[in-house]
Amino acid sequence: QVQLVESGGGLVQAGGSLRLSCAASGLTFSSYAMGWFRQAPGKEREFVATIKWDGDNTYYADSVKGRFTVSRDNAKNTVYLQMNSLKPEDTAVYYCARTGLFVAQREFEYDYWGQGTQVTVSS
């Protein structure tokens, strides 16, 4: 059974950093591109970042470019989201998800989702 489990969220002051991890099981991890989304209370889920199956290509939302970095370690079946220079606007539940071979930014292109991890940035 496919499972995606996020970890690494928490409370951080503005300007600080966090690294989120998403551990995958029950799938051939290296065969799939992965993505990160986030959802703040009362708002729709939005795209954050995505990474190709082999890590060779990435794509970011404009709101996080230059601050966030997505990476993966296929040997560990894990994808990461390094978040630097955090802002209060980054506060949300962050989700990892699986798509096909290539990067994607639309929700319907993803078929498996993790349970989410809370990130709270104080001002």
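Residues numbered from 1 in each chain as written. Predicted model: local features only at pLDDT ≥ 70, side-chain atom pairs only at ≥ 80, totals over all residues. Heavy atoms only, no water.

Right, let's talk about the packing of aromatic side chains for a bit. In the structure shown here, the tally under the stated rule is five aromatic pairs. Between Phe 37 and Tyr 110, the aromatic rings sit 5.1 Å apart at their centres with planes inclined by 85 degrees, giving edge-to-face as the arrangement. Taken together, the residues span a long stretch of sequence, with Phe 37 in strand 4 (residues 34–39) and Tyr 110 in the loop between strand 9 (92–98) and strand 10 (112–113) at a distance of 73 residues. Given the relative accessible area of 1%, Phe 37 is considered buried. Overall, the relative accessible area of 6% leaves Tyr 110 in the buried class. Judged by centre distance (5.0 Å) and plane angle (55 degrees), the rings of Phe 37 and Trp 113 are tilted. Residue Phe 37 is found in strand 4, and its partner Trp 113 is found in strand 10; the two are separated by 76 residues along the sequence. Its relative accessible area of 26% is what places Trp 113 among the partly exposed residues. Among the aromatic residues, ring-to-ring pairing joins Phe 37, Phe 47, Tyr 59, Tyr 110 and Trp 113 into one connected group. Sitting above the plane of the Phe 29 ring, Arg 72 keeps its charged end 4.4 Å from the centroid. A cation sits over an aromatic face here: Arg 98 above Tyr 32, 4.0 Å from the ring centre. (Phe/Tyr/Trp six-rings, centres within 6.5 Å; stacked < 30°, edge-to-face > 60°. Helix = DSSP H or I, 4+ residues; strand = E, 2+ residues; numbered from the N terminus. Buried < 20%, exposed > 50% of the residue type's maximum accessible area, 1.4 Å probe, protein only. Lys NZ or Arg CZ within 6 Å of the ring centre and 35° of its normal.)

Quick look at unusual backbone geometry now. Of note, the phi angle at Asn 77 is positive, near 55 degrees, even though the residue is not glycine. Following the sequence through the fold, Asn 77 ends up in the loop between strand 7 (68–73) and strand 8 (78–83). With relative accessibility at 29%, the residue Asn 77 sits in the partly exposed group. Positive phi, close to 50 degrees, is recorded for Ser 85, a residue that is not glycine. By the secondary structure assignment, Ser 85 is in the loop between strand 8 and strand 9.

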